[in-house]
Amino acid sequence: MELDERGRHIRELRARAMRLPLQPGVYLMHDKTGKIIYIGKAKALKNRVSQYFGSERHHDRKVRQMVANVEYFEYIITDSEFEALVLECSLIKQHAPKYNILLKDDKGYHYIRITREAWPRISQAKQILDDGAEYMGPYVSSWATKESVDEALKIFKLPTCSRKFPQDIRKARPCLNYYIKQCCAPCRGQMSCEEYNELVGEAVEFLRGGSGSSLRTLTQRMNEAAENLEFERAARLRDRIDAIRKLGERQKVVATRVREQDVIALAQGPANACFEVFRFRQGRLCDRETFLLGEIGEPKAARAEFLERYYSMREDVPPRVCLDGPAASMELLAAWLSEKAGRKVSLSLPQKGEQKEILEMCRSNAAEQVAQVRGRTGREASALDELARLLGLEHPPAYIEAYDISNLQGGENVAGMVVFEDGRPLKSAYRRFKIKTVEGQDDYGSMREVITRRFQEYFRQKESGEGFGRLPDLILLDGGRGHVAAVRPVLESMGLGDVPLFGMVKDDKHRTRAVAEDGGEIAVSSHRPAFTLVGAIQEEVHRFAIGYHRQARKKAVIGSSLLEIPGVGQTRAKALLRHFRTVSAIQNADLEELLAAPSMTKPAAQAVYAYYHPDENAGLTRDAD
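Participant: Any details on the sheet that holds strand β1 (residues 25–30)? Residues and values, ideally.
Facilitator: Paired through backbone hydrogen bonds, the strands of a sheet run either parallel or antiparallel to each other. Across the sheet, three strands lie side by side as β2-β1-β3; this open sheet has antiparallel pairing. Edge positions in the sheet fall to β2 (36–42) and β3 (72–77), since each of these pairs with one other strand and no more. Averaged over all pairs of adjacent strands, the angle between strand axes in this sheet comes to 20 degrees, irrespective of strand direction. Both β1 and β3 contribute to a ladder of six bridges, which runs antiparallel. Across the sheet, L28 pairs through a bridge with E74, a residue of β3. Along the sheet, helix α4 (residues 81–95) makes contact with β1, β2 and β3, crossing β2 at roughly 170 degrees.

Participant: So what about the pairing of strand β17 (residues 501–506)? Which residues, and what values?
Facilitator: The buried count for β17 comes to five of six residues, which makes it a mostly enclosed element. Direction of pairing for strand β16 (residues 474–478) relative to β17: parallel, over a ladder of four bridges. Each residue of the ladder has a partner; that of I475, found in β17, is L501. Taken together, β16, helix α14 (residues 481–493) and β17 form a β-α-β motif whose crossover is right-handed. One ladder, built from four bridges, connects β17 with strand β18 (residues 512–517); its direction is antiparallel. Looking across to β18, one finds that K506 is bridged to T512.

Participant: Please give an account of the environment of L333 that cites residues and values.
Facilitator: Mapped onto the fold, L333 is located in helix α10 (residues 330–341). Sequence separation between L333 and F82 is 251 residues, and the spatial gap between their C-alpha atoms is 8.5 Å. If near-sequence neighbours (up to four positions away) are discounted, L333 is found in contact with L85, A304, L307, E308, A327, A328 and L347.

Participant: Which residues make up the nonpolar core, and what values do they have?
Facilitator: I122, F156 and L158 are the most contacted members of the largest nonpolar core, which totals 31 residues. The leading source of residues in this core is helix α7 (residues 193–227), at 11 residues. Membership of the second largest hydrophobic core comes to 30 residues, among which are L85, C89, I296 and V321.

Participant: Describe the pattern of salt bridges, listing the residues and the values that go with them.
Facilitator: Inspection of the entire model under this criterion finds 25 salt bridges. A salt bridge links E88 to K41; the shortest N-O distance between them is 3.7 Å. On the criterion of sequence distance, the pair formed by E88 in helix α4 and K41 in strand β2 is long-range, its members being 47 residues apart. Residue K41 is classed as buried on the basis of its relative accessible area, which comes to 18%. Among the ionic pairs, D150 bridges to K146, the shortest N-O distance being 2.9 Å. With D150 and K146 both in helix α5 (residues 142–155), this residue pair falls four residues apart, about one helical turn. On the basis of relative accessible area, D150 is assigned to the partly exposed category, the value being 28%. Taken together, the salt bridges that share partners define one network made up of R303, D324, K356, E360, R363, D385 and R389.

Participant: Talk me through the state of the cysteines; I want residue IDs and the actual numbers.
Facilitator: Applying the stated rule across the entire model yields zero disulfides. Free of any disulfide, C362 has its nearest cysteine sulfur in C274, 8.8 Å distant.

Participant: Please give an account of the sheet that holds strand β9 (residues 284–293) that cites residues and values.
Facilitator: Ordered in space as β9-β8-β7-β10-β11, the five strands form an open sheet in which the pairing is mixed. Each of the sheet's edge strands pairs with one partner strand only, and the pair in question is β9 and β11 (346–348). Taking each pair of neighbouring strands and ignoring which way they run, the sheet shows an average axis angle of 20 degrees. Here strand β8 (residues 273–281) pairs with β9 via nine bridges, running antiparallel.

Participant: Tell me what's going on with unusual backbone geometry, and back it up with residues and numbers.
Facilitator: Cis geometry marks the peptide bond from F165 to P166, where omega comes out at 5 degrees. Along the chain, the position of P166 falls in the loop between α5 and α6 (176–179). We note that K181 has phi near 60 degrees; this positive angle belongs to a residue other than glycine. Judged by its relative accessible area of 64%, K181 is exposed. The phi torsion at A185 lies on the positive side, around 55 degrees, for a residue other than glycine. In this fold, A185 is placed in the loop between α6 and α7.

Participant: Describe in detail the packing of aromatic side chains, supporting the description with residues and values.
Facilitator: This structure, assessed with the given rule, holds 17 aromatic pairs. For the ring pair Y178 and Y179, a centre distance of 5.1 Å and an interplane angle of 70 degrees mean the geometry is edge-to-face. With a centroid separation of 4.9 Å and 85 degrees between ring planes, the pair formed by Y310 and Y311 is classed as edge-to-face. The class of Y311 is buried, set by a relative accessible area of 0%. Through successive ring pairs, a cluster of aromatic residues spans F275, F291, F306, Y310 and Y311. Between R16 and the ring centre of F73, over which it is positioned, the NZ or CZ distance is 4.4 Å. When the ring centre of F468 is taken as origin, the NZ or CZ atom of R431, which lies over that ring, is 5.6 Å away.

Participant: Can you break down the packing of helix α9 (residues 299–312) against α10 residue by residue, with the values?
Facilitator: In contact at an axis separation of 11 Å, α9 and α10 are set at 5 degrees when each is read in the N-to-C sense. Here α9 lies roughly parallel to α10, going by the angle between them. Listed contacts from α10 to A304, L307, E308, Y311 and S312 of α9 are L333, W336, L337 and K340. Residue composition of the contact of α9 with α10, by class: six nonpolar, one polar and two charged.

Participant: Mind laying out helix α11 (residues 353–374), listing which residues take part and the relevant values?
Facilitator: Its 22 residues place the ends of α11 32 Å apart at the C-alpha level, agreeing with the 32 Å of an ideal helix rising 1.5 Å per residue. Every buried residue of α11 is listed here: Q355, I358, L359, C362, R363, A366, A367, V370 and A371. Two residues or fewer past α11, G375 is found with a positive phi of approximately 70 degrees.

So, how was this worked out
- Residues numbered from 1 in each chain as written.
- Predicted model: local features only at pLDDT ≥ 70, side-chain atom pairs only at ≥ 80, totals over all residues.
- Heavy atoms only, no water.
- Pairing = 2+ DSSP bridges.
- Helix = DSSP H or I, 4+ residues; strand = E, 2+ residues; numbered from the N terminus.
- Axes fitted to C-alpha atoms, helices over the stretch in contact; angles between N-to-C directions.
- Contact = heavy atoms within 4.5 Å.
- Buried < 20%, exposed > 50% of the residue type's maximum accessible area, 1.4 Å probe, protein only.
- Right-handed = clockwise from strand over helix to strand, strands pointing away.
- Core = buried A, V, L, I, M, F, W, Y, C linked by side-chain atoms within 4.5 Å.
- Salt bridge = Lys/Arg side-chain N within 4 Å of Asp/Glu carboxyl O.
- Disulfide = S-S within 2.5 Å.
- Phe/Tyr/Trp six-rings, centres within 6.5 Å; stacked < 30°, edge-to-face > 60°.
- Lys NZ or Arg CZ within 6 Å of the ring centre and 35° of its normal.
- Parallel < 35°, antiparallel > 145°, perpendicular 65-115°, else oblique.
- Nonpolar A, V, L, I, M, F, W, Y, C, P; charged D, E, K, R; others polar.
- Expected span 1.5 Å × (residues − 1).

Here is the structure:
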């Protein structure tokens, strides 16, 4: 009854939506308590809102959940789609609806703290305390503040441990940082307080003036020390100068010819997603932000929604924003950002060169965050995310099934199924199939039989949600377009046409070359993480299938010899092979050796001996008598 009531309510909401005007505006979805749970904008209200209450097949899980909670909706007509976007941003900021992407603006102020004591320490702080220390700042970026402090401590080899000086001098051996030349180790007692304070002073100067100013000052001091014949001090200053220069070289890795831009990348997991933002100012990476979210739905819409939320919280909008994929309504978003910034802002999708490399680095960082939630590596998450992009999947395939047929000129026809979950083999879910309805070498027919049997089991076991009762996010066949074309009608006839199906194509050296679909092939060799994953899946399913085929052939060999002997069945034949290792050894064994074998009786041993020594059969029979 509740389902019927809900269905009737959805139909009523759709009927109301169909009466909306074909004008731009904002719509607000409410739950039973009257709370706003989703706010969206539309170019044509009637078309957009009615889509929510149509067929669920075209909705992702997040949208289905939202629609299931909608009691009623409101709408506000605007003069243009641009006005709808501005109003939508304002209303979302005001109401924070549950099903919109919401970002926490945790951009507080950050400081660099220098203690006032005989042996000062430098550290990062989130607030100014009344503790007598000196504070530098405030700084907006926590990441940039931490990076600066870490760099200063490494360059000037200042301690990061919890030891107190001078109390802990000579009380214990130096820590690892001293031995890897990242700490001056005042705990050894071979450095005066004056020398230590000189180091701290240089580090503070570096933090205040930047590397350029610090280099000039240190170079001047080094030259003065050399002129005064203080060669040891000059050498120490030279080492600090080299450390700063090496830091500059390292920073070039994350530098760009575009002086001001934000780079934004998305990585998706099965149940969560992450947006990573790299902020470049003066051509260098000055800040990064990570936003770990739940399920976000379709990537294009998610990117657009993220841009709206992110720049609603930021006053600083750069002239260029790089995205790792298309966003919905990009022209509209660019116009909104341009108005917000008071100058032209462009949205770009780099496809090659330096900008593409920076995007890949940004995406790898996002994938690492997604992977940590799942207990996986960033490489595995990145591979699944990239594979989803290549194949046009809405979400990274968390549960992949792969199939391969193995036979020898049509004999002992078998198949193997392997499963990869979150990018790793799930061996407990591997399955083997002995082909029953296909005779001869017919890979297409064999694959159709296997897929049919597998998904018949799905309908029997789907209530369990485990094993065959779980629907895969992606099916890969060891073969090309022909295999895909042969199998797809099977899935469609069973009502499973939405399950993604592709083939894995090898080159002439039996290495994965491409992924096949009905209309052609998708090259994967230039996409390293996805290429490595698909190659590993193809190798694993081939290994598993051919291993089963060898077992089947071995049984066939047994059946052609041992199993033809009266009194020798499967169990006794296996016991003989385990004992003698080969059929040849059994053939050469004498009667006493056969009798000594496990599970053998005297009649069985005589039968085996007689089978392999027919010329002696008459004598054996007389002895038996």
